[in-house]
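Read off the chains here:
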Amino acid sequence: QVQLVESGGGLVQAGGSLRVTCAVSGRTFTGATMGWFRQAPGKEREFVAAIRWDGSTYSADSVKGRFTIASDNAKNTVNLQMNSLKLEDTAVYYCAGNFDRPRALPSTRGSYDYWGPGTQVTVSS
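None of the values given here were measured: they were computed from a predicted structure.

**As for unusual backbone geometry**
Then step 1. The backbone of Asn 76 sits at a positive phi, close to 60°, despite the residue not being glycine.
Then step 2. Here Asn 76 lies in the loop between strand S7 (67-72) and strand S8 (77-82).
Then step 3. Residue Ser 84 is not a glycine yet carries a positive backbone phi of 50°.
Then step 4. Within the secondary structure, Ser 84 is located in the loop between S8 and strand S9 (91-98).

**Notes on the pairing of strand S3 (residues 18-25)**
Then step 1. One ladder, built from five bridges, connects strand S1 (residues 3-7) with S3; its direction is antiparallel. Looking at the pairing, Gln 3 lines up with Ser 25 of S3.
Then step 2. Examined bridge by bridge, S3 and S8 share six bridges and lie antiparallel to one another. Across the sheet, residue Val 20 finds its bridge partner in S8, namely Leu 80.

**So, the sheet that holds S3**
Then step 1. Strand order in the open sheet made by the four strands is S1-S3-S8-S7, with antiparallel pairing throughout. Looking at strand neighbours, the two that pair on one side only are S1 and S7, the edges of this open sheet. Each adjacent strand pair in this sheet contributes to an overall mean axis angle of 15°, direction not counted.

**Some thoughts on the state of the cysteines**
Then step 1. Taken as a whole and judged by the stated rule, the model has one disulfide.
Then step 2. The disulfide bridge from Cys 22 ends at Cys 95, spanning 2.1 Å between sulfur atoms. Measuring handedness by torsion sign, the sulfur bridge of Cys 22 and Cys 95 sits at about -75° and is left-handed. In this pair, Cys 22 is assigned in strand S3 and Cys 95 in strand S9, connecting sequence segments 73 residues apart.

**Here we look at the side chain of Asp 89**
Then step 1. Tracing the backbone shows Asp 89 in the loop between S8 and S9.
Then step 2. The exposure class of Asp 89 is buried, given its relative accessible area of 0%.
Then step 3. Polar side-chain contacts of Asp 89 include one of 2.7 Å to the side chain of Arg 66.
Then step 4. Beyond its immediate sequence surroundings of up to four residues, Asp 89 is in contact with Arg 38, Arg 66, Phe 67, Ser 84, Val 121 and Val 123.

**Examining the pattern of salt bridges**
Then step 1. If you walk through the whole model with that rule in mind, you get six salt bridges.
Then step 2. Here Asp 89 ties to Arg 38 by a salt bridge, and the two come within 2.9 Å at their closest N and O atoms. Highlighted residues: Asp 89 in the loop between S8 and S9 and Arg 38 in strand S4 (residues 33-39), separated in sequence by 51 residues. No difference in accessibility class separates Asp 89 from Arg 38, as the two residues are buried.
Then step 3. Taking the shortest distance from any N to any O, the salt bridge between Asp 61 and Lys 64 comes out at 3.3 Å.

**Side note on the environment of Thr 119**
Then step 1. Tracing the sequence through the fold places Thr 119 in strand S11 (residues 119-124).
Then step 2. Along the primary structure Thr 119 and Thr 21 are separated by 98 residues, whereas in three dimensions their C-alpha atoms are 9.4 Å apart.
Then step 3. Thr 119 has contacts with Glu 6, Ser 7, Gly 8, Gly 9, Val 20, Ala 91, Val 92 and Tyr 93, leaving out every residue within four places of it along the chain.
Then step 4. Only 3.3 Å separates the side chain of Thr 119 from the backbone nitrogen of Gly 9, close enough to count as a polar contact.

Cut-offs used in this document
Residues numbered from 1 in each chain as written. Predicted model: local features only at pLDDT ≥ 70, side-chain atom pairs only at ≥ 80, totals over all residues. Heavy atoms only, no water. Helix = DSSP H or I, 4+ residues; strand = E, 2+ residues; numbered from the N terminus. Pairing = 2+ DSSP bridges. Axes fitted to C-alpha atoms, helices over the stretch in contact; angles between N-to-C directions. Disulfide = S-S within 2.5 Å. Buried < 20%, exposed > 50% of the residue type's maximum accessible area, 1.4 Å probe, protein only. Polar contact = N/O pair within 3.5 Å; in protein donor to acceptor, adjacent residues only side chain to side chain. Contact = heavy atoms within 4.5 Å. Salt bridge = Lys/Arg side-chain N within 4 Å of Asp/Glu carboxyl O.

Have a look at this one:
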């Protein structure tokens with residue numbers, strides 16, 4: 001059974017940093033694409049960043065240069081390091097996993113079959 005569990009969310013001041021982690025059980029990262037999405041109140045869930053099994057990474061324009069995604073294959077975790085946080089980064093952050101469709105678009109919600117319950121990130125002024 002595949003499980004994704006996020007951790008590391010919390011409250012941070014604007015301009016600060018936070019790292020959220022996704023712990024994966026039941027599958028390895030071989031051939032996988034792991035993604036981070038976020039959903040703010042009243043808004044649709046949107047793509048943040050993704051990393052493929054070959055190490056290639058993708059990120060939304062809104063977070064480029066501020067957020068970094070990385071995987072730790074030994075620990076079976078995916079981290080999202082968030083720097084220079086802005087008020088508009090406030091959202092529930094979700095980890096997503098695609099383990100069986102290596103050619104699916106990494107920025108598309110429908111490409112992912114497994115989701116974590118989410119972790120709240122709140123940026124204050």
